[in-house]
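# Descriptive analysis of the structure
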Amino acid sequence: MRIFLLSCCFFIVLSCGSDQPVIHPETAYSIIPQPVSILPGSGFFEIDHNTIVVGAVELEAETAFITQLLDQASGYSIAHKMGTATETRNKIILSLDDTLTNPEGYMIDITSNGIEVIAKKPAGIMYAIQTLRQLLPPEGENKIIKGLKIPAVEIEDYPRYAYRGMHLDVSRHFFPVDFVKKYIDLLALHKMNIFHWHLTDDQGWRIEIKKYPKLTEVGGFRNGTVKGHRPYDGSDNQRYGGFYTQDEVRDVVTYAEKKHITIIPEIEMPGHASAAIAAYPYLSCFPEEPTIIPEDIISTGGKQLQAEGTPKIVQETWGVFDDVFCAGDDTTFEFLEDVLDEVIPLFPSEYIHIGGDECPKENWKRCPDCQKRMKEMGLTDEHELQSYFIQRIEKYLNTKGKKIIGWDEILEGGLAPNATVMSWRGEDGGIDAAKQSHQVIMTPTTYCYLDYYQFKADAGKSTAVGNYLPVQKVYEYNPFPEELTAEQAEYIQGAQANVWTEYMPTEEYVEYKVLPRMTALAEVVWVADSVKNWSSFKSRLERLSERYRVLGYNYAKVDPDGEEFIQEQPTENKSE
Ligand code: ACM
């Protein structure tokens, strides 16, 4: 079969090194991320009312997905069945081949007779379908195309990195299940495979924990949100919040699984704990001390609660706060273990993210229990106490068959033995961890923080936080630091972009910040650095942007002639 020859042949690789042809925007083979090899054929395969999809029995979700895409685009009710194909033409065959080497790779062969897709695993089949989808006209996402044709081509493809992540902070602003699914769809379209769901933080606890109902009843809501930038412009005095029930979480996890996206939940500790502490003040070193929110920005409701004798409230402003989980009291660990006991069965992921970033040590320094713990354990400073905290949680999670990921602060005071480090304060943490033979995920602020503003024209606006991060800079990122030997670089699992939502109050804002910078990262983590080509990417992005438009995503538009991308920001901004 022609497709089997694919793996043995040398392919024309489009859009890669300087001696290679660059893909034309108008070609039908405009795909992001750029496949490893594309060999254009002649002619096309036309979908008609007799076309049949035949999927191997293990490929039920994938068969359903491609059939649904083709039903939508063709207007036919495309027949499909599970098993082995006997048809000789007009067929779309999805099959698995265990002899292929790359666990996420796939091959596609399109001729006038049909389409054959082969992968080692179902994930590869799903990526192949996402590629096929980009070979179809974008309008087919919501309109019927008469005489739907797919150009003949042979494609072989596999990713550069195993970890291709996107994060979403649902604590600073809450996003409902429907949006989370839309976000997952977006990841899937770009062959990203990890959704890092930042579920807890100072401004809201977003996951139901049955043993601790106040986490969401109290910790899931705040009485107001600061307006504007530091030093802020008062409170909006709007009660704000929300959370996901465990049933909703299961539903999202199942949804993501069908798209071959693993959800890694983040339960933040020991810092960023104000919402949990508002629900259960005993988790603080100082349960009687009020949550600090400056007088001129605390909400009326928050002020009233404190005046009536409820010192701990959910944070209403952004930043890093001293009131963290007490590391000296065993009840903190009992609480966290109970919480994790409920989180673990909800998420099949091998990993749980336990935060570990931005934990001030001021309270621990003056807390008798924390100081006692340090003495008992022979810890020389509070960084070692943080390390004790993380290692204790790691040990617990390891006994439950889970591994931890933590932000790079978990390096301070000694790395937990099996931890993966998420390097965000530049790449140094990741480099250090890789040198210590720990797995690493790169997410340096300079390339991967999508809360940073993407247009110079946005500088200074209340919605523009951090620094300038245009899409081209994201595209330039190479997660392989030069300081590492090839052997050490094996520990770099991939990269992730982070979407912190302090200044993203709406779904439209999130989409605007993510697109097209996530698109750029999708190519960074999929293709070899040597084959990246900015002008090819820009051209292909033009076509993909058309799909975003049809799918209803609020993307930042391409300016094909200029260096920047142009679009006015959405006007609504609650925090302005
Ligand atoms: C972080 O951005 N604080 C991980």
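Here, the structure is the one placed above.
Residues numbered from 1 in each chain as written. Predicted model: local features only at pLDDT ≥ 70, side-chain atom pairs only at ≥ 80, totals over all residues. Heavy atoms only, no water.

Either a parallel or an antiparallel arrangement is found when strands of a sheet pair, and the pairing is made through backbone hydrogen bonds. Here we have seven strands laid out as an open sheet, ordered β1-β7-β5-β6-β4-β2-β3, and mixed in their pairing. At either end of the open sheet lies a strand with only one pairing partner, and these are β1 (37-46) and β3 (79-82). When strand polarity is set aside, the average angle formed by the axes of neighbouring strands in this sheet is 15°. When strand β5 (residues 106-111) meets strand β7 (residues 149-157), the two strands line up antiparallel, connected through five bridges. Residue pairing across strands places M107 opposite E156, the latter belonging to β7. (Pairing = 2+ DSSP bridges. Helix = DSSP H or I, 4+ residues; strand = E, 2+ residues; numbered from the N terminus. Axes fitted to C-alpha atoms, helices over the stretch in contact; angles between N-to-C directions.)

Another point: the packing of helix α3 (residues 122-135) against helix α19 (residues 534-551). It is the contact of α3 with α19, at a shortest axis distance of 10 Å, that shows an interaxial angle of 95°. Taken together, the axes of α3 and α19 lie roughly perpendicular to each other. Packed against α3, whose contacting residues are R133, Q134 and L135, the element α19 presents R543, L544, R547 and L551 at the interface. (Parallel < 35°, antiparallel > 145°, perpendicular 65-115°, else oblique. Contact = heavy atoms within 4.5 Å.)

Attention shifts here to helix α6 (residues 246-258). Along an α-helix, residues three or four positions apart point the same way, because every turn accommodates 3.6 residues. Taking 1.5 Å of rise per residue, the 13 residues of α6 would be expected to cover 18 Å, and the 19 Å separating its terminal C-alpha atoms lies within 8% of that figure. Taken residue by residue, α6 has Q246, V249, V252, V253 and A256 as its buried positions. The arc enclosing the buried residues of α6, seen along the axis, measures out at 120°, which places them on a common side. Exposed side chains of α6 directed beyond 90 degrees from the buried face belong to D247 and K258. Its buried side turned inward, α6 meets α4 (177-189), β9 (194-198), β14 (262-269) and α9 (330-343). A positive phi of about 60° marks H260, the residue just after α6. (Expected span 1.5 Å × (residues − 1). Buried < 20%, exposed > 50% of the residue type's maximum accessible area, 1.4 Å probe, protein only. Arc of directions from axis to C-beta.)

Take the pairing of strand β6 (residues 114-119) next. Most of β6 is tucked away: six of the six residues are buried. The alternating pattern of β6 places G114, E116 and I118 on one face and I115, V117 and A119 on the opposite face, and all of these are buried. As paired strands, strand β4 (residues 91-96) and β6 are joined by six bridges and run parallel to one another. The partner of S95 across the bridge, within β6, is I118. By the bridge criterion, six bridges tie β5 to β6 in an arrangement that is antiparallel. Bridged to I110 within β6 is I115. Taken together, β5 and the strand that follows it, β6, pair antiparallel across an intervening segment of two residues.

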